[in-house]
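# Observations on chain architecture
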Amino acid sequence: MYQDIPVIGLSMVRADDERNFNLIEALAKKIHAVGARLMIYQSTTDMFWQYKPEGGERMIYNLVDYSYVDLMIVFSEIINDDELIDSIIANAKAHGKPVFTIGKPRPGCTNFDFLYVDGIERAVRHVVEKHNCKELCFVAGPEGETTSEARIRKYKETVSEYDLTDSLNRIFYGGYWSEPAKIAAADILKLEKLPDAIVCANDIMAITITDVFHAKGIRVPEDVILTGLDDTIEAHANVPSITTSGCDMNELADMIVSAFQKAMNSEALEDEYLCHFSFVEGQSCGCRENLDSLPLSNYLKYNITKQNEKLFVEQSFHSIYENILNSPDPKQLPAILDSMHFGSMMIMVNEDGFRRNLNPLAEGYRVGFDTRQRVIYQSGRDISELPVTINLSELCPEFDRLIRQERPIILSPLSFFSRAIGYLVYTPKVDNQHYHMVMPYTNSLSEIIGCYSMVRHLEFNAEQMDRMARHDYLTDLYNRTGFYSVLPKFLRRSDTPFYAVTTVDMDGLKLVNDKYGHETGDLAIRYISRAVAAVGDDSSICGRFGGDEFVICKALKNREDAEKIREKIQGYLNEHRSNTSLPCEVTASIGICVMEAGFDFDEALKSSDERMYKEKSGKKNRRME
């Protein structure tokens, strides 16, 4: 319970699906009527594929906060991943919260189920008793699948009552979708005699078989009767309309809310609640002779509207795609996203998602949500205040206000290459048009934000590679290539009459390497490089040209300032000697050549080299300590 408000969680997939939305719409009204609120945790895929990455869309179900969620409803029938279903249930039970499942029962849960087999029985009785059919076929779902086999058993049980023995084993498998249904239709056409009626285990298979038959010149219902199941909008809009049956989602919502109230009052619940199907006569069995154009017209309008809205969203995202990818500063994103005019939406992104040095696709990289989330968009909020960072436990800004409004809160994952990169908090108006936008919004934002993170990381890698090509690995000063690449720009931008080209060379590097080893030699080179870097500022560039040879080009206001370069280098070496772990004294020879603007750098470098070597040769040999 959130403060004084009971909260019901609904774990599901595809909130935009017509049938799923019908349940949400009914639940939202019933739940609000008893003073509770609905929170929907949903992904845009049904988790069908066997590849099950650890993160990605599955992470959205980890955002359930059982400190205030009083009940978890798992729409298990539409989640095609039993491991995920079990993990959601286990998490709820670990927090001592009751779980209702819809469609796929689980031990220890209160299950609500649809009497699909009731719909199969009604279809068989209808075609036999009202249409006097004697020879039937049944088109089931996948072979061996639990619900499919249950429907087959009910079909056989019902035809047995009418002693239709020839129909008992006429079972075909249409897989619940169009492609295998086409194969089933082709197999039925191979029978010696076309059956009087074909009972299908869902509407999409009935529609597909009708289309296949019509293409072969076989008329429905004149030559063969077909029935479906699910009472979909497509069944009503089909020509001919499909005789079907479906669940009353309002009845199901009433049953769920009633059971929730009992659970809150610690009253005993039944293990299973069954929602009966209603039979809907259509043209495919011949019960409706006249073609009613209204369902088809409404269906066409509905789908055209959905497609236009989807196209509009895709075009809108396309228009901002380039702007987002070309905005290296995340602070620019809220203003770009604001041009989309999202309604009642917040966009949260993992804080790590904007760290350019992290590869979001690296092996072993985090797959869940960061404990800190960056809010890059919040409808109705001044974009100058965004982005802001919140704790993941807060879920979103203004949660207190959202939980008190009538609309359900939808949480949808942002996923890129199976990695959770953030999530949306969406509270649209409860109608099919707005819920239809959940999928395109989620998918488009996942792609854009995921690509944004990758582009920033690729830029970082490019910069690092360029830096590696231009900088010395040991000292981080420019190498010879890098030095010469920035030299022309440096000379052009410096408005000064004189330049000092300085060569610095360590004394006795070979002796250090021979006596103390190359690791000590590298330490000595780094020590010299720090002394050289101490000279560096906006008026100079420094580089390492060879093993122990360093070069400085510095802009001067007057010639006399050149000697300060020597003083700084020698001063650094003297001052910091005691702070090193070097076992010996490290000194350097320095040659300086002062030139006027417009000079030839290579000639000046040659001159400074000569002066450096002159100084080095004038030094007395000394014994290393």
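Each value, and the rule that gives it
- Residues numbered from 1 in each chain as written.
- Predicted model: local features only at pLDDT ≥ 70, side-chain atom pairs only at ≥ 80, totals over all residues.
- Heavy atoms only, no water.
- Phe/Tyr/Trp six-rings, centres within 6.5 Å; stacked < 30°, edge-to-face > 60°.
- Helix = DSSP H or I, 4+ residues; strand = E, 2+ residues; numbered from the N terminus.
- Buried < 20%, exposed > 50% of the residue type's maximum accessible area, 1.4 Å probe, protein only.
- Expected span 1.5 Å × (residues − 1).
- Arc of directions from axis to C-beta.
- Contact = heavy atoms within 4.5 Å.
- Polar contact = N/O pair within 3.5 Å; in protein donor to acceptor, adjacent residues only side chain to side chain.
- Axes fitted to C-alpha atoms, helices over the stretch in contact; angles between N-to-C directions.
- Nonpolar A, V, L, I, M, F, W, Y, C, P; charged D, E, K, R; others polar.
- Pairing = 2+ DSSP bridges.
- Core = buried A, V, L, I, M, F, W, Y, C linked by side-chain atoms within 4.5 Å.
- Salt bridge = Lys/Arg side-chain N within 4 Å of Asp/Glu carboxyl O.
- pLDDT = per-residue confidence, 0-100.
- Parallel < 35°, antiparallel > 145°, perpendicular 65-115°, else oblique.
- Left-handed = near helix turned anticlockwise from the far one by under 90°.

## A short note on the packing of aromatic side chains
Enumeration according to the criterion identifies 25 aromatic pairs in this entry. With a centroid separation of 6.5 Å and 75° between ring planes, the pair formed by Phe317 and Tyr441 is classed as edge-to-face. Placement of Phe317 in helix α9 (residues 293-325) and of Tyr441 in helix α13 (residues 438-470) is noted, with a sequence separation of 124 residues between them. Ring centres of Phe490 and Tyr499 lie 6.3 Å apart, and the angle between their planes is 70°; on these two criteria the pair is classed as edge-to-face. Both residues of the pair, Phe490 and Tyr499, count as buried. The rings of Phe317, Phe342, Tyr377, Tyr426 and Tyr441 are connected pair by pair, giving a single aromatic cluster.

## Points about helix α2 (residues 82-94)
Its 13 residues place the ends of α2 18 Å apart at the C-alpha level, agreeing with the 18 Å of an ideal helix rising 1.5 Å per residue. Of the positions making up α2, those classed as buried are Leu84, Ile85, Ile88, Ile89 and Ala92. For α2, the arc enclosing every buried residue in end-on projection is 135°, short of the 170-degree limit, so these residues lie on one face. Pointing more than 90 degrees away from the buried face of α2 are the exposed residues Glu83 and Ala94. In this fold, the buried residues of α2 make contact with β1 (7-13), β3 (69-74) and β4 (99-102). Taking the backbone nitrogen of Glu83 as reference, a side-chain oxygen 3.1 Å away marks Asp81 as the first, capping residue of α2. Where α2 terminates, the next one or two residues include Gly96, which has phi positive at roughly 70°.

## Here's the deal with the environment of Ala181
Within the fold, Ala181 resides in helix α5 (residues 178-189). Judged by relative accessible area, which is 0%, Ala181 ranks as buried. Spatially, the C-alpha atoms of Ala181 and Asp46 are 20 Å apart, while their sequence positions differ by 135 residues. Apart from the residues lying within four places of it in its own chain, the contact partners of Ala181 are Gly174, Met205, Thr208 and Ile209.

## Description of the side chain of Ser245
Position of Ser245 among the secondary structure elements: in strand β10 (residues 244-247). On the accessibility criterion, Ser245 (1% relative accessible area) is buried. Each residue touching Ser245, except ones within four places of it in the same chain, is listed here: Gly119, Gly228, Leu229, Asp230, Asp231, Phe277, Ser278, Phe279 and Val280.

## As for the packing of helix α15 (residues 509-516) against helix α16 (residues 518-533)
Look at α15 against α16: their axes get within 7 Å of each other, and the N-to-C directions meet at 145°. Residues Leu509, Val512, Asn513 and Tyr516 of α15 form the contact with α16, whose participating residues are His518, Thr520, Gly521 and Ile525. For the contact of α15 with α16, the per-class residue count stands at four nonpolar, four polar and no charged.

## Section: helix α18 (residues 601-618)
The end-to-end C-alpha distance of α18, which contains 18 residues, comes to 26 Å, matching closely the 26 Å that a straight helix rising 1.5 Å per residue would cover. Considered for burial, the residues of α18 that qualify are Phe601, Ala604, Leu605, Ser607, Ser608, Asp609 and Met612. By the N-cap criterion, in which a side-chain oxygen at the helix start approaches the backbone nitrogen of a residue two or three places on, α18 is capped by Asp600, the distance to Asp602 being 3.0 Å.

## Considering the pairing of strand β18 (residues 498-506)
Where burial is concerned, most of β18 is hidden: nine out of the nine residues are buried. Burial of the side chains of β18 extends over both faces: Phe498, Ala500, Thr502, Val504 and Met506 are buried on one face and Tyr499, Val501, Thr503 and Asp505 on the other. Across eight bridges, β18 lies against strand β20 (residues 549-556) in antiparallel orientation. From the neighbouring strand, Asp505 faces β20, where its bridge partner is Glu549. For β18 and strand β21 (residues 588-596), the ladder comprises nine bridges, and the chain directions are antiparallel. What sits directly across from Thr503, in β21, is Gly591.

## What to know about the nonpolar core
Core analysis: the biggest nonpolar cluster contains 149 residues, and Leu136 and Ile347 have the highest contact counts within it. Met506, Ile552, Tyr572 and Val586 belong to the second largest nonpolar core, which has 31 residues in total.

## Side note on unusual backbone geometry
Cis geometry is found at the peptide bond from Val220 to Pro221, where omega equals 15°. In this model, Asp230 sits at a positive phi of 125°, which is unusual for a non-glycine residue. Considering the arrangement of structural elements, one finds Asp230 in the loop between β9 (225-227) and α7 (233-237). Phi is positive for Leu395, which is not a glycine, with a value near 70°. Along the chain, Leu395 turns up in the loop between β15 (388-391) and α11 (399-403).

## Concerning the pattern of salt bridges
One pass over the structure, following the stated rule, counts 36 salt bridges. With a closest N to O distance of 2.9 Å, Arg470 and Asp466 form a salt bridge. Remark: Asp466 and Arg470 occur in helix α13; sequence separation between them is four residues, near one turn of the helix. Among the residues examined, Arg470 registers a relative accessible area of 29% and is labelled partly exposed.

## Description of the sheet that holds strand β7 (residues 171-173)
What holds strands together in a sheet is hydrogen bonding between their backbones, with the strands either parallel or antiparallel. Spatially, β7-β6-β8-β9 is the arrangement adopted by the four strands of the open sheet, whose pairing is parallel. Unpaired on one side and paired on the other, β7 and β9 mark the two borders of the sheet. Going from strand to strand, the sheet's axes swing by 20° on average, the running direction of each strand aside. Of the pairings in the sheet, the one linking strand β6 (residues 136-140) to β7 comprises three bridges and is parallel in character. Considered in β7, the bridge of Phe138 is made with Ile171.

## Topic: the environment of Gly546
Of note, Gly546 is situated in the loop between β19 (540-544) and β20. For the pair Gly546 and Asp472, spaced 74 residues apart in sequence, the C-alpha separation works out to 9.6 Å.

## Looking at the sheet that holds β21
In space, the four strands of this open sheet follow the order β19-β20-β18-β21, with antiparallel pairing throughout. The open sheet is flanked by β19 and β21, the only strands paired with a single partner. The average angle at which neighbouring strand axes cross in this sheet is 15°, direction not considered.

## Thoughts on the confidence of the model for the protein chain
Put simply, the protein chain has an average pLDDT of 90, and 94% of its residues get 70 or more. Segment residues 621-625: pLDDT under 50, and ten contacts once partners within four positions in sequence are set aside and those in other chains are kept.

## Comments concerning the packing of α5 against helix α6 (residues 203-215)
Taken N-terminus to C-terminus, the directions of α5 and α6 make an angle of 50°; their axes are 9 Å apart at the nearest point. Classified by the angle between their axes, α5 and α6 sit oblique to one another. Handedness of the α5/α6 crossing: right-handed. Residues Ser178, Ala181, Lys182, Ala185, Ile188 and Leu189 of α5 lie in contact with α6, whose contacting residues are Ile204, Met205, Thr208, Ile209, Val212 and Phe213.

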